[in-house]
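Chain by chain, the residues run as shown.
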Amino acid sequence: MENVITIKAFEDNYIWLIKDSQSQHCIIVDPGEAAPVLTMLEDQQLIVDAIILTHHHYDHIAGVDALLSARDEQISIYSKKKLFDRSRLVNEGDSLSFFDGRLSLRVMDVPGHTLDHIAFYNERLLFCGDTLFSGGCGRVFEGSFEQMFKALSRLARLPDNTKVYCAHEYTQNNLIFAHHIEPKNKALLNYIQQVSKKRQQGQPTIPSTIGVEKAINPFLRCQQQTVINKLQSHLGKALNDPLSCFSALRKYKDNF
Ligand SMILES: [Zn+2]
């Protein structure tokens, strides 16, 4: 087993530190900044085995060089694209083993937000960068709506209790749009209350779970009649399939 430690970066990024429960070894996910990570490593006396990167955006990788030069240990870097000299390239279906086999993470291609976007996951955990957020999803910058829709649909098929470690605290903002789309969704109304309590106490709302997201996140609910009706009345035309529905929803939120 392992513990996942939250490290805040920039305004609303999360860098995740996965710590082995039986040793001081750890892995870092998407270090956009080095300073808060270095502080955590020193405070907890940790040894970094690897850095895993979900995609190439600055706020996910900008801390890598400073981390490598500040630390003495041999740190492997895993990503889909070659972003650093010592990057080890990974692909859909690869399985990475850490902490003497106590942690394994599989790689899933999830293009859409960027073309090199990957997620790391196992039966309990999902590190999905800027693909799935709590209550929302990433903007489609490099890929197509179809790629993003397929990526999100694959993530939605993970077990309901999978913990979702996305890279930003966007939840409260996302829920304003989610509520606009499904104002009568009871699970969503409950979740809005929980999230607002957590934020008032200065707590992160992440991790979420796949089960929660399927109940409250409109981007995973493109087959729901309530969502389809809302979009059809917004656009004044029929939407005949889930992909058209997803694309309409993403464009709606981009301008919301
Ligand atoms: Zn990004």
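The structure reproduced in this document is the subject of the present report.

**Here we look at the nonpolar core**
Link 1 in the chain: Counting residues in each nonpolar core, the largest one holds 70 residues, and the members touching the most others are Ile-15, Ile-28, Ala-119, Leu-126, Cys-128, Leu-152 and Leu-155.
Link 2 in the chain: Two domains each put at least three residues into this core: domain 1 (1-86) and domain 2 (104-256).
Link 3 in the chain: Excluding anything up to four places from it in sequence, Leu-155 contacts Val-110, Ala-119, Leu-126, Cys-128, Thr-131 and Leu-132.

**Section: the sheet that holds strand 14 (residues 208-209)**
Link 1 in the chain: Strand order in the open sheet formed by six strands is 7-8-9-10-13-14, with mixed pairing between adjacent strands. The sheet terminates laterally at strand 7 (95-98) and strand 14, the two strands that pair on one side only.
Link 2 in the chain: Bridging between strand 8 (residues 103-109) and strand 9 (residues 118-121) involves four bridges; their strand directions are antiparallel. Its bridge partner lying in strand 9, Val-107 is registered against Phe-120.

**A closer look at the sheet that holds strand 2 (residues 13-20)**
The pairing of strands in a sheet happens through backbone hydrogen bonds and is either parallel or antiparallel.
Link 1 in the chain: Pairing is mixed in the open sheet, where six strands are placed in the order 1-2-3-4-5-6. Only two strands of the sheet have a single neighbouring strand rather than two, namely strand 1 (2-9) and strand 6 (87-89). Within this sheet the neighbouring strands show an average axis-to-axis angle of 25°, counted without direction.
Link 2 in the chain: Here strand 1 pairs with strand 2 via eight bridges, running antiparallel. Its bridge partner lying in strand 2, Thr-6 is registered against Trp-16.
Link 3 in the chain: Here helix 1 (residues 35-44) sits on the sheet and contacts strand 1, strand 2, strand 3 (25-29) and strand 4 (47-52); the angle it forms with strand 1, its principal contact strand, is near 140°.

Quick notes on the rules
Position labels on residues start from 1 in each chain and follow its written sequence. Note on the predicted model: pLDDT of at least 70 is required for a residue's local features to be given, and 80 or more for side-chain atom pairs to be given and counted; whole-chain, interface and lining totals, by contrast, use all residues. Put simply, a nonpolar core is buried Ala, Val, Leu, Ile, Met, Phe, Trp, Tyr and Cys residues tied into one set by C-beta atoms within 7 Å. Counting other C-beta atoms within 10 Å of its own, a residue is labelled buried from 20 upward, exposed at 12 or fewer, and partly exposed in the gap between, with every C-beta atom placed from the backbone. Domain delimitation follows an automatic or database domain assignment. In this description, a residue-residue contact is defined by the distance between C-beta atoms placed from the backbone, which must lie within 7 Å. Strands are treated as partners if at least two bridges between them are detected by DSSP. Here a strand is any run of E in DSSP of at least two residues, a helix any run of H or I of at least four, and the numbering for each starts at the N terminus. Angles shown run from 0 to 180 degrees and are taken between the N-to-C directions of axes, each axis being a line fitted to C-alpha atoms and, for helices, limited to the stretch in contact.

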